[in-house]
Amino acid sequence: MKANKILVHSLFNLGDVLLSTSAVALLKQAYPNAQITMMVRPESVDMLTDHPHIHDILVFDYRGKQRSLAGQLELLREIKKRRFDIVISFDRKSRAGILSWLAGIPVRVVPDRIFDDVPTWVTRLYTHVINIPHDLAEHHQADSFQEIIRQFCGIDGKTRPVMGRILPENQAKAKMLIRQFPEKKKKVALCIKGTFALKNWPRERFADLVSRLDKQLDAVFYVIGTEGDKVYANEMIAMSHVPIANFCGSTSVRDLAALMEQTDLFITVDTGATHVAATTSVPMVVVYGCSRPRRSGPCTNSAITISKEPPCCPCKIAEKDCNAADCLLQVSVNEMALAAMQLIR
């Protein structure tokens, strides 16, 4: 099937968007001369800018300014104007599917499942529905995205997620942040807050972990995250007797990748920053609670993942309905410290 212009829907949180770029890399192998445009939410734009496989980015802020009918009609006109030959939906979002159907894109591709086994009427908007044959809980999310491309394009192979190019200004920002520290042998970054509470290892344990590492390492410590994570990070820092810098909200996604390149160890919960760091060379320790490493682990050989996986994992209930959070409480500070020292020495 020939195609000059391909639209890809990836309206996820940042980490899943990054995982879906592994499938875009496969798509580019199948259509090396096609212009690939990704439709994403605003927070993913920086990560995909100057990307080796992506020609352009369409922003669909369906939770914000494009939520209105006028905003969606404007986006529909833009999609029509670009005359895409193929649209591939990784996300099965209804509004994006309706827009592609109304735009008259001739070939429309969607998976029958992507995060769960719940069927959706959205697949009726598409010309090609791809069956994902494997158990979603037992396969990595990146592989599920790639399976859509393998089946539709009739190709084999596996690839890893790819970020946009890190620019000199991103490297300069990372160096500026690092320069504020006294000279130390090691630099240790922490990401302590995930997208929801059942991913968060207790703050007091992070504070205890830093204290233990400080006794064994000549190191500086800093927390990374979004602007919205800053207060949560400050509460953890207040529990620690060791100085910890709070870089939450201080970096763009590509600034963060540049900072990870200058970091000796990254200790994190399961969140988007985990996958950003996995595109760099930084060693990392990742603690898992309600999710499984084999489904959402970092795509790198430089990570130790720690997960107890109780019978209720992967979690299928809302965080307000979980009173135990045993999946996280079973992970000890000692276990995390041993993993960290294994990687940093």
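Below you will find a few notes about this structure. (Residues numbered from 1 in each chain as written. Predicted model: local features only at pLDDT ≥ 70, side-chain atom pairs only at ≥ 80, totals over all residues. Heavy atoms only, no water.)

**Structural notes on the overall build of the protein chain**
Check the secondary structure of the protein chain and you find 13 helices and 12 strands. On C-alpha atoms alone, the protein chain measures out to a radius of gyration of 21 Å, which is about the 20 Å that the 2.2 N^0.38 rule sets for 345 residues. Principal axes of the C-alpha set define a box for the protein chain whose edges measure 60 × 45 × 40 Å. By the burial criterion, 56% of the 345 residues in the protein chain qualify as buried. (Helix = DSSP H or I, 4+ residues; strand = E, 2+ residues; numbered from the N terminus. Rg over C-alpha atoms; globule rule 2.2 N^0.38 Å. Buried < 20%, exposed > 50% of the residue type's maximum accessible area, 1.4 Å probe, protein only.)

**Here we look at the environment of Ser 307**
If you trace the backbone, Ser 307 turns up in strand E12 (residues 303-307). In this structure Ser 307 comes out as partly exposed when scored by relative accessible area, which is 23%. Sequence separation between Ser 307 and Leu 328 is 21 residues, and the spatial gap between their C-alpha atoms is 8.0 Å. Those residues in contact with Ser 307 that lie beyond four places of it in its chain are Tyr 288, Ser 291 and Pro 293. (Contact = heavy atoms within 4.5 Å.)

**Notes on the sheet that holds strand E11 (residues 284-288)**
Read from one edge to the other, the open sheet built from 6 strands follows the order E9-E8-E7-E10-E11-E12, with strand pairing classed as parallel. If you trace the sheet from one side to the other, it starts and ends with strand E9 (245-246) and E12, each paired once. Note that strand E7 (residues 186-191) and strand E10 (residues 265-269) share 4 bridges and pair parallel. Bridge pairing in E10 links Ala 189 to Phe 266. (Pairing = 2+ DSSP bridges.)

**As for helix H1 (residues 14-30)**
An α-helical turn contains 3.6 residues, so a residue and the one three or four places further along point in the same direction. Taking 1.5 Å of rise per residue, 17 residues should cover 24 Å, and H1 covers 25 Å from first to last C-alpha, within 8% of that figure. Along H1, the sharpest change in direction is near 25° and occurs at Ser 22. Along H1, 14 of the 17 residues are buried, which leaves the element largely enclosed by surrounding structure. (Expected span 1.5 Å × (residues − 1). Bend = angle between axes of the 7 residues up to and from the residue.)

**What about the nonpolar core?**
Core analysis: the biggest nonpolar cluster contains 63 residues, and Ile 6, Ile 88, Phe 90, Tyr 222 and Phe 266 have the highest contact counts within it. The element contributing the most residues to this core is H1, with 8 residues. In this view, Ile 88 contacts Ile 6, Leu 7, Val 8, His 9, Leu 27, Val 109, Ile 148, Ile 149 and Phe 152; residues no more than four positions away in its chain are not counted. Counting residues in hydrophobic clusters, the runner-up holds 37 residues, among them Val 188, Val 223, Val 285 and Ile 306. (Core = buried A, V, L, I, M, F, W, Y, C linked by side-chain atoms within 4.5 Å.)

**Considering the packing of helix H6 (residues 168-178) against helix H9 (residues 253-261)**
Two elements in contact, H6 and H9, have axes whose closest approach is 8 Å; the angle formed by their N-to-C orientations is 60°. Relative to H9, the element H6 is oriented oblique. The interaxial crossing formed by H6 with H9 has right-handed handedness. Residue-level contacts link Glu 169, Asn 170, Gln 171, Lys 173, Ala 174, Leu 177 and Ile 178 of H6 to Arg 254, Asp 255, Ala 258 and Leu 259 of H9. Taken together, the residues of the contact of H6 with H9 sort by class into 5 nonpolar, 2 polar and 4 charged. (Axes fitted to C-alpha atoms, helices over the stretch in contact; angles between N-to-C directions. Parallel < 35°, antiparallel > 145°, perpendicular 65-115°, else oblique. Left-handed = near helix turned anticlockwise from the far one by under 90°. Nonpolar A, V, L, I, M, F, W, Y, C, P; charged D, E, K, R; others polar.)

**Describing the side chain of Ser 22**
With respect to the helices and strands, the residue Ser 22 is situated in helix H1. On the accessibility criterion, Ser 22 (0% relative accessible area) is buried. A distance of 3.1 Å separates a polar atom in the side chain of Ser 22 from a polar atom in the side chain of Gln 146. In this structure Ser 22 touches Ala 142, Gln 146, Thr 159, Arg 160 and Pro 161, once residues within four positions along its chain are discounted. (Polar contact = N/O pair within 3.5 Å; in protein donor to acceptor, adjacent residues only side chain to side chain.)

**Some words on the pattern of salt bridges**
Taken as a whole and assessed by the stated rule, the structure comprises 22 salt bridges. Among the ionic pairs, Glu 235 bridges to Arg 203, the shortest N-O distance being 2.1 Å. Pair noted here: Glu 235 is in helix H8 (residues 230-239) and Arg 203 is in helix H7 (residues 203-216), with a separation of 32 residues, a long-range link. You can call Glu 235 partly exposed: its relative accessible area is 37%. (Salt bridge = Lys/Arg side-chain N within 4 Å of Asp/Glu carboxyl O.)

**Observations concerning the pairing of strand E8 (residues 219-223)**
E8 sits mainly inside the fold: 5 of its 5 residues count as buried. Judged by which residues are buried, E8 turns out to be covered on both faces: Ala 219, Phe 221 and Val 223 on one side and Val 220 and Tyr 222 on the other are all buried. Both E7 and E8 contribute to a ladder of 5 bridges, which runs parallel. Across the sheet, residue Lys 186 finds its bridge partner in E8, namely Ala 219. Each parallel crossover has a hand, and for E7 linked through H7 to E8 it is right-handed. (Right-handed = clockwise from strand over helix to strand, strands pointing away.)

**Description of the packing of H1 against helix H5 (residues 141-153)**
Running from N to C, H1 and H5 point in directions that differ by 25°, and their axes come no closer than 8 Å. For the element pair H1 / H5, the angle class is roughly parallel. As H1 runs across H5, the sense of the crossing is right-handed. Contacts between H1 and H5 pair Asp 16, Leu 19, Ser 20, Ser 22, Ala 23, Leu 26, Leu 27 and Ala 30 from the former with Gln 141, Ala 142, Phe 145, Gln 146, Ile 149, Arg 150 and Cys 153 from the latter. Looking at side-chain class alone, the contact of H1 with H5 contains 9 nonpolar, 4 polar and 2 charged residues.

The values reported here are purely geometric and, on their own, carry no functional implication.
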